[in-house]
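If you want the building blocks of each chain, they are given just below.
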Amino acid sequence: MATLMMSGVPIGGSIAAITDIWVVPAFGWEAMFLLALVAMVGLVPMGFRYLPETLSFKHRSGPGARCGSGFGDLLRAPYAGASVLFALASLAILFAWYGLGTWLPSLMEQAGYELGSALTFALALNLGAVAGSVITAWAGDRFGAAPTAAVAALVAGIGLAVIMTMPQVGVVYAMLILAGVGIHGTAALLIAAVANHYPERLRSTALGWALGMGRIGAVGAPQVGGLLLAAGLGVNSNFLVFALGAGLAAILFAVITFRVKPVADPALAN
């Protein structure tokens, strides 16, 4: 469910990419911010109205109920190791996703493609991410969230590495679809992996920690991409660092798979 829910991100990205193709040449990039504002203003009130609270949280009460949790619990035994690994994995994969999503049209334009064609590469990335949400949701249920995330991130890294060889345009599209499948699939599976590892009382705090640390990568990636281009290191420098981000996420999820196991909640033993 977490992975399918996250498919909304690339679906929105696909809609934005299609809209870009028509709106930006005619009205400029500023018009896209106005369209984003319309979507936000319309959807936020709907969220307050229709999104339900988790029933188990809503109905817990009484002095014995453990509705909250201390943030410090995440960084103490037996959760400290997993918390650090999940945070680093989130940072690495969101670095790859937001860096690629931010710079891809510009990178492809600098590689010699027209703006319209460059924007279709962003569409391919997001369509791959939509497909990846379904594929990784099935695989995560069958093989486990963390091992599936490790494989998905590795596939994404390989796809971005292939693009660095400047293959034919059809191969570029295929590799971007694979990158979308792998990077976004990994980011979505992170949510499931964290939720499966921690007890209920720590689950929301652990998700906030992992995704919050991941935003460091999301904020830093566009800056790194811009600095590499400004330094004259070329298009491939961006693909290289984003491929390394995906590769690092693959390694971290492999470590989580083989070295980190869910543990019983010590608080319930007292």
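Residues numbered from 1 in each chain as written. Predicted model: local features only at pLDDT ≥ 70, side-chain atom pairs only at ≥ 80, totals over all residues. Heavy atoms only, no water.

**Looking at the nonpolar core**
Formally: Only buried Ala, Val, Leu, Ile, Met, Phe, Trp, Tyr and Cys residues count toward a nonpolar core, and they belong to the same one when joined by side-chain atoms within 4.5 Å. In this scheme, a residue with accessible area under 20% of its type's maximum is buried, one over 50% is exposed, and one in between is partly exposed, where area comes from a 1.4 Å probe on protein chains only. The way it works is that DSSP assigns letters per residue, a run of H or I at least four long becomes a helix, a run of E at least two long becomes a strand, and they are numbered from the N terminus. For this analysis, residues touch if any pair of their heavy atoms sits within 4.5 Å.
Ranked by size, the top nonpolar core spans 37 residues in total, and within it Leu100, Leu104, Leu160, Ile183 and Phe239 carry the most contacts. Listing elements by their share of this core, those giving two or more residues are α5 (80–110), α6 (115–143), α7 (145–163), α8 (169–197), α9 (200–230) and α10 (235–259). The element that contributes the greatest number of residues to this core is α5, accounting for 10 residues. Apart from the residues lying within four places of it in its own chain, the contact partners of leucine 104 are Phe121, Ala122, Leu125, Leu176 and Phe239. Counting 25 residues, the second-largest nonpolar core is a separate cluster that includes Leu189, Trp209, Leu252 and Ile256.

**Points about α9**
Just so we agree on the cut-off: Each residue after the first adds 1.5 Å to the expected span of a helix. Bend is the name given here to the angle between axes fitted to two runs of seven residues, the run ending at a residue and the run starting at it.
Taking 1.5 Å of rise per residue, the 31 residues of α9 would be expected to cover 45 Å, and the 46 Å separating its terminal C-alpha atoms lies within 8% of that figure. The largest bend in α9 amounts to roughly 30° and is located at glycine 220, with the proline proline 222 lying one to four residues further along. Glycine 232 occupies a position one or two residues after α9 and carries a positive phi of about 75°.

**Some thoughts on the pattern of salt bridges**
Operational definition: In what follows, salt bridge is the name for a side-chain nitrogen of Lys or Arg lying within 4 Å of a carboxyl oxygen of Asp or Glu.
For the structure on display, the rule yields two salt bridges. Close ionic contact of arginine 76 with aspartate 73 constitutes a salt bridge, the shortest N to O distance being 2.5 Å. The exposure class of arginine 76 is partly exposed, given its relative accessible area of 48%. The class of aspartate 73 is buried, set by a relative accessible area of 16%. Salt bridges here are not isolated pairs; linked through shared partners, they connect Asp73, Arg76 and Arg201.

**With respect to the confidence of the model for the protein chain**
Threshold: Confidence scores per residue from the predictor, reported as pLDDT, run from 0 to 100.
When pLDDT is averaged across the protein chain, the result is 86; 89% of the residues are at 70 or more. Below pLDDT 50 for its whole length, residues 61–67 participates in six contacts with residues either more than four positions away or in separate chains.

**Quick word on the packing of α8 against α9**
Using the following cut-off: Fitting a line to C-alpha atoms yields each axis, with helices limited to the stretch in contact; the angle taken between N-to-C directions then spans 0 to 180 degrees. Roughly parallel covers angles under 35 degrees, roughly antiparallel covers those over 145, roughly perpendicular covers 65 to 115, and oblique covers all other angles. Should the near helix be turned anticlockwise from the far one by less than a right angle, the crossing is left-handed, and should it be turned clockwise, the crossing is right-handed.
Here α8 crosses α9 at 140°, and the two axes come no closer than 9 Å. It follows from the interaxial angle that α8 and α9 lie oblique. Relative to α9, α8 is oriented so that their crossing is right-handed. Residues Leu190, Ile191, Val194 and Ala195 of α8 lie in contact with α9, whose contacting residues are Arg203, Ala206, Leu207, Ala210 and Leu211.

**A look at the packing of helix α2 (residues 8–27) against helix α3 (residues 30–50)**
Basically, it comes down to this: Throughout this entry, Asp, Glu, Lys and Arg are counted as charged residues, while Ala, Val, Leu, Ile, Met, Phe, Trp, Tyr, Cys and Pro are counted as nonpolar. The remaining residues, Gly among them, count as polar.
Where α2 contacts α3, the two axes come as close as 8 Å, and the packing angle between them is 135°. Judged by the angle between their axes, α2 and α3 are oblique. Crossing hand, α2 versus α3: right-handed. Judged by residue contacts, Ala16, Thr19, Asp20, Val23, Val24 and Phe27 of α2 engage Glu30, Ala31, Met32 and Leu35 from α3. Considering only residue class, the contact of α2 with α3 consists of seven nonpolar, one polar and two charged.

**What to know about the environment of alanine 36**
By secondary structure assignment, the location of alanine 36 is in helix α3. For the pair alanine 36 and alanine 16, spaced 20 residues apart in the sequence, the C-alpha separation amounts to 8.9 Å.

**Some points on the packing of aromatic side chains**
For the record, the criterion: Here the aromatic set is Phe, Tyr and Trp, taking the six-membered ring for Trp, and pairing holds for ring centres within 6.5 Å; pairs whose planes are under 30 degrees apart are stacked, those over 60 apart are edge-to-face, and all others are tilted.
The tally for this structure, following the rule as stated, stands at seven aromatic pairs. On the basis of an interplanar angle of 85° and a centroid distance of 6.1 Å, the ring pair of tryptophan 138 and phenylalanine 143 is categorised as edge-to-face. No difference in accessibility class separates tryptophan 138 from phenylalanine 143, as the two residues are exposed.

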